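Here are the chains, one letter per residue:
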Amino acid sequence: MVEFLVDQGAEVNLRNNQNNSALHLSAYKGNIRIAGVLLSKGVDINAQTNDGDSPLMLATGNDHTKMVEFLVHQGAHVNLRNNKCHSALHIASDKGNIKIVECLISKGADINAKTNNGDSPLFLAARNDHTEIVKFLVDQCSADVNIRNNHDISALHFAADKGNIEIAEVLLSKGSNINAPGVKGETPLLIAFLNNRVEMVEFLLSKGAKKLINTL
């Protein structure tokens, strides 16, 4: 039906009230065949919705790995940002899809890009316990382990909050500041202590975390 409509002259770049085009909807659904038809007729591959989402972002957010690979191969801009300043890489890191993360970075995605909150893809992976992605970003892509968000929080703070020793160990092995204070003076050790992450507290102390910590 899509092929028939576009062959009959249907406008492929029309938008609905949310500024979604037909390509946004096919990307959301993961329908590569329809996306291919639309692109062959000149649909804007980087069009953004009212929320600033591109077709690539919608495909990423719905874990449509093959669609993501198809769109980037067709020239989708991997570093576009939505209204929250999230790129497709932020979304993939948050969701935990390592295949999409690898695909986006292979096409030049900015690994240290910050959202409106100052969060990098590494932050989002650490916050959601996506250990494989953290390792990939740090070990294979040299993501900045000491970058801070708007609250002066680092990825190590998130690992401490979650009690994820494996992620903390990866970050520390790459030089993450073990005593970095947030805007309220909260160090990773204090975060771990306040969240009753006993093993994390013991781990951080064994790695040289200062025992003298501020109170919030």
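Cut-off values and rules
Residues numbered from 1 in each chain as written. Predicted model: local features only at pLDDT ≥ 70, side-chain atom pairs only at ≥ 80, totals over all residues. Heavy atoms only, no water. Helix = DSSP H or I, 4+ residues; strand = E, 2+ residues; numbered from the N terminus. Buried < 20%, exposed > 50% of the residue type's maximum accessible area, 1.4 Å probe, protein only. Contact = heavy atoms within 4.5 Å. Lys, Arg positive; Asp, Glu negative; His and termini not counted. Charge placed at Lys NZ, Arg CZ, Asp CG, Glu CD. UniProt positions renumbered as here; feature names shortened; annotations may be inferred. Salt bridge = Lys/Arg side-chain N within 4 Å of Asp/Glu carboxyl O.

**Let's talk about the overall build of the chain**
Counting its regular elements, the chain contains 13 helices and 0 strands. Ordered by position from the N terminus, the helices and strands of the chain form the series α-α-α-α-α-α-α-α-α-α-α-α-α. Its C-alpha atoms give the chain principal-axis dimensions of roughly 70 × 30 × 25 Å. Counting all 216 residues of the chain, 49% fall into the buried class. Pairs at least 24 residues apart make up 70% of the contacts formed inside the chain by residues separated by at least 6 positions. Once the 21 positive and 23 negative side-chain charges of the chain are each reduced to a mean point, those two points are 2 Å apart.

**Overview of the UniProt feature "repeat: ANK" (unreviewed entry) in the chain**
On the UniProt side, "repeat: ANK" (unreviewed entry) is annotated at positions that read residues 18-50, 51-83, 84-116, 117-150, 151-183 and 184-209 here. Here residues 51-83 runs as 48% helix and 0% strand, with 6 Å between its end C-alpha atoms. Annotated as 62% helix and 0% strand, the span residues 184-209 places its first and last C-alpha atoms 17 Å apart.

**Focus on unusual backbone geometry**
Not every positive phi belongs to a glycine, and S142 is a case in point at roughly 55°. Position of S142 among the secondary structure elements: in the loop between α9 (131-140) and α10 (155-162). The class for S142 is exposed, based on a relative accessible area of 58%. The backbone of N196 shows a phi angle near 60°, a positive value even though the residue is not glycine. Along the chain, N196 turns up in the loop between α12 (188-194) and α13 (198-206).

**Points about the pattern of salt bridges**
By the definition in use, this model includes 7 salt bridges. For the salt bridge of D63 with K95, the shortest nitrogen-to-oxygen distance reads 3.9 Å. Residue D63 is located in the loop between α4 (55-61) and α5 (65-73), and its partner K95 is located in helix α6 (residues 88-95); the two are separated by 32 residues in the primary sequence. You can call D63 partly exposed: its relative accessible area is 37%. Between K66 and E69 there is a salt bridge, with the nearest N and O atoms lying 3.9 Å from each other. Of the two residues, K66 and E69 both sit in helix α5, 3 residues apart, roughly one turn of that helix. By sharing partners, the salt bridges in this structure join D94, D119 and R127 into a single network.

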